[in-house]
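Below are the chains, spelled out letter by letter.
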Amino acid sequence: MITVSNIGLRFGERKLFEDVNLKFTPGNCYGVIGANGAGKSTFLKILAGEIEPDSGEVVIASGIRMSILKQDHYQYDQCVVLDTVIMGNQRLHEIIKEKEELYSKPDFSDDDGMKVAELESEFAEMNGWEAESEASTLLQGLGIGTDLHDKLMSELQGAEKVKVLLAQALFGNPGILILDEPTNHLDFKSITWLEEFLIAFQGIVIVVTHDRHFVNKICTHMADVDFGKIKLYVGNYDFWYESS
Ligand SMILES: Nc1ncnc2c1ncn2[C@@H]1O[C@H](COP(=O)(O)OP(=O)(O)OP(=O)(O)O)[C@@H](O)[C@H]1O
């Protein structure tokens, strides 16, 4: 569950949000709609904690992991494709790195042994043994073949990088998915795959997209950004359009 209470935000003279109150619940997919410049992307950034509102707060139920589709296509240029996907779950990735460092120590001590045992247990709890195969499945679903999985991100074409970043966001069964224009640069087959993935997804999806067919296929609710307010409606875009 995400609870948004009394959010307000100004950019200079412009009041972008005023007294926004909303609740997002698991199992639902929310399509954020509104005119150009209404504040859709800014709202996602507030939810993601990237922009601090002037007033109000966003509260996320404890223990729920939020995953955000990264917009910087160069951020992972020095990383291997498969690792980049696994980095979607930051804690799991940290554990993998810490384990590697400890196992490669020439003077492995008793204390190191204890630490490794703790890490192994946390790793197993997080389904770490499945991480590589899950990352690989996501990549292949989005059309990134296994021949690219061991390459550096910098070696990939722009559209391929976008798919890897999308796989990263979807990786590790997050509780909340924040997606700003996820279908950009995707081909028809990948969009269909993504639709099926999101329809089956059990958590909360909050998405901004210009792709009306995609919205209609996946969204259970519309979040309409208009004149500083955001209102939630049940149903997809066509239903919202016909009834408004
Ligand atoms: N960091 C910022 N500082 C000042 N103004 C900003 C900042 N970020 C966005 N804005 C302005 O806030 C308004 C909302 O921007 P935002 O990108 O959230 O809108 P949007 O609804 O996603 O638009 P679009 O559909 O065109 O992508 C715009 O007028 C934009 O120029």
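Residues numbered from 1 in each chain as written. Predicted model: local features only at pLDDT ≥ 70, side-chain atom pairs only at ≥ 80, totals over all residues. Heavy atoms only, no water.

**Examining the site of the ligand**
How we decide: Nearness is judged by heavy atoms alone; a residue qualifies as near a molecule or strand once a single heavy atom is within 4 Å of it. Under the rule applied, a polar contact is a pair of N or O atoms within 3.5 Å (in protein, one hydrogen donor and one hydrogen acceptor; residues adjacent in sequence only if both atoms are side-chain atoms). Only the protein chains shown count as cover for residues, with accessible areas throughout obtained via the Shrake-Rupley method and a probe of 1.4 Å. Only DSSP runs of H or I reaching four residues or more are called helices, and only runs of E reaching two or more are called strands; each is numbered from the N terminus. Put simply, Ala, Val, Leu, Ile, Met, Phe, Trp, Tyr, Cys and Pro go in the nonpolar bin, Asp, Glu, Lys and Arg in the charged bin, and everything else, Gly too, in the polar bin.
The ligand sits among Phe11, Arg14, Leu16, Ala35, Asn36, Gly37, Ala38, Gly39, Lys40, Ser41 and Thr42. With respect to the ligand, the side chain of Lys40 contributes an N or O atom lying 2.7 Å from an oxygen atom. Thr42 is positioned such that a nitrogen or oxygen atom in its side chain is 2.5 Å from an oxygen atom of the ligand. Starting from 640 Å² of accessible surface for the ligand in isolation, the protein chains cover 52%. Elements supplying a minimum of two residues to the shell around the ligand: strand E2 (14-24) and helix H1 (40-47). Looking at the shell around the ligand element by element, the count peaks at three residues for H1. When grouped by side-chain class, the residues that make up the shell around the ligand number four nonpolar, five polar and two charged.

**Here's the deal with the sheet that holds strand E7 (residues 204-208)**
In plain terms, the rule: Two strands make a pair as long as DSSP finds a minimum of two bridges between them. Axis lines are fitted through C-alpha atoms, for helices just across the contact stretch, and the angle between N-to-C directions can take any value from 0 to 180 degrees. A contact between two residues is defined here by any heavy atoms of the two lying within 4.5 Å.
Read across the open sheet, the six strands follow the order E5-E6-E7-E3-E8-E9; overall the sheet is mixed. The open sheet has two edge strands with one neighbour each: strand E5 (66-68) and strand E9 (229-234). In this sheet, neighbouring strand axes are inclined to one another by 20° on average, regardless of whether the strands run parallel or antiparallel. Where strand E6 (residues 176-180) lies against E7, five bridges are found, and the strand directions are parallel. Bridge pairing in E7 places Ile176 opposite Ile204. Packed onto the sheet, H1 meets strand E3 (29-33), E5, E6, E7, strand E8 (221-226) and E9 and runs at close to 150° relative to E6. In this fold helix H6 (residues 158-170) packs onto E5 and E6, with an angle of close to 155° to the strand it touches most, E6.

**Things to note about the sheet that holds strand E1 (residues 2-11)**
Sheet strands line up and pair through hydrogen bonds in the backbone, either parallel or antiparallel. Taken in spatial order, the three strands of this open sheet run E2-E1-E4, and their pairing is antiparallel. At either margin of the open sheet sits one strand with a lone partner, and together these are E2 and strand E4 (55-60). The mean inter-strand angle of the sheet, taken between neighbouring strand axes irrespective of direction, is 20°. Here E1 pairs with E2 via seven bridges, running antiparallel. Within the sheet, the bridge partner assigned to Val4 lies in E2 and is Leu22.

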